[in-house]
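Below are the chains, spelled out letter by letter.
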Amino acid sequence: PCRNELESRAKSLGICERVRFAGFRRDLQQIFEAMDLLVLPSHTEGLPNVVLEAFSCGKTAVATCVGGVPELVEHGQNGILVPPGKPESIADAVTQILGNPAMRQTLGSAAQRKVASRFSFEEQTRQLEAIYAEMLSPWGSISRQL
């Protein structure tokens, strides 16, 4: 909805040649495969699916330490967390990762392992079943006593 405004802003900043407003895409797998890392400079977030998607493709992330992001991005383990509203910190982290391919590979592999172990369909199902079991266990014991 803000595309025209954002394109005008990019033009006024002299960066329109370096910015692509891709719009809605159906080829996300190819996009994730082509990128070196994910940058998530949010000021607010829940638990961002885009981080899980990047991690599942073995990509590391530079992300701001907001909302549920630290639950996914572990600083120095599978990505780099930076404070929100500090673009120079984001730039430094991106430069650090892009300048060190071995680090990028190590962080990306750890990211992929994390999403496979903690956020797979099977693991999410197991966790949901555990919540149901915990919530229902007091009621089950009460009904057995009656």
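What comes next concerns the included structure. These numbers were taken from a predicted model, which means no experiment stands behind them. (Residues numbered from 1 in each chain as written. Predicted model: local features only at pLDDT ≥ 70, side-chain atom pairs only at ≥ 80, totals over all residues. Heavy atoms only, no water.)

Another point: the sheet that holds strand β2 (residues 61–64). Strand order in this open sheet of three strands is β1-β2-β3, and the pairing throughout is parallel. The sheet terminates laterally at β1 (38–40) and β3 (79–82), the two strands that pair on one side only. Neighbour to neighbour, the strand axes of the sheet diverge by 10° on average, direction disregarded. As paired strands, β1 and β2 are joined by three bridges and run parallel to one another. (Pairing = 2+ DSSP bridges. Helix = DSSP H or I, 4+ residues; strand = E, 2+ residues; numbered from the N terminus. Axes fitted to C-alpha atoms, helices over the stretch in contact; angles between N-to-C directions.)

With their axes 6 Å apart at the nearest point, helix α5 (residues 87–98) and helix α6 (residues 101–118) run at an angle of 100° to one another. By the criterion of interaxial angle, the relationship of α5 to α6 is roughly perpendicular. Between α5 and α6, the contacting residues are Q96, I97 and L98 on the first element and P101, M103, R104 and L107 on the second. Grouping the constituent residues of the contact of α5 with α6 by class yields five nonpolar, one polar and one charged. (Parallel < 35°, antiparallel > 145°, perpendicular 65-115°, else oblique. Contact = heavy atoms within 4.5 Å. Nonpolar A, V, L, I, M, F, W, Y, C, P; charged D, E, K, R; others polar.)

On to the pairing of β2, then. Side chains A61 and A63 of β2 all project onto a buried face; the interleaved residues V62 and T64 project onto the opposite face, where all are buried too. Read as a crossover between parallel neighbours, the route from β1 over helix α3 (residues 49–56) to β2 is right-handed. Pairing between β2 and β3: four bridges, direction parallel. Looking at β3, one finds that A61 is bridged to G79. (Buried < 20%, exposed > 50% of the residue type's maximum accessible area, 1.4 Å probe, protein only. Right-handed = clockwise from strand over helix to strand, strands pointing away.)

Glancing now at the nonpolar core. Residues L38, V51, F55, A63, V69, L72 and V73 are the most contacted members of the largest nonpolar core, which totals 18 residues. In terms of residue count, α3 provides more of this core than any other element does, four residues in total. Setting aside residues no more than four positions away along its own chain, V51 makes contact with L38, L40, L72 and V73. Counting nine residues, the second largest nonpolar core, distinct from the first, contains L37, A93, I97 and L107. (Core = buried A, V, L, I, M, F, W, Y, C linked by side-chain atoms within 4.5 Å.)

Another point: the state of the cysteines. Inspection of the entire model under this criterion finds zero disulfides. A disulfide-free cysteine, C16 has its sulfur positioned 18 Å from the sulfur of C2, the nearest such atom. Classification of C16 by relative accessible area gives partly exposed; the value is 36%. (Disulfide = S-S within 2.5 Å.)

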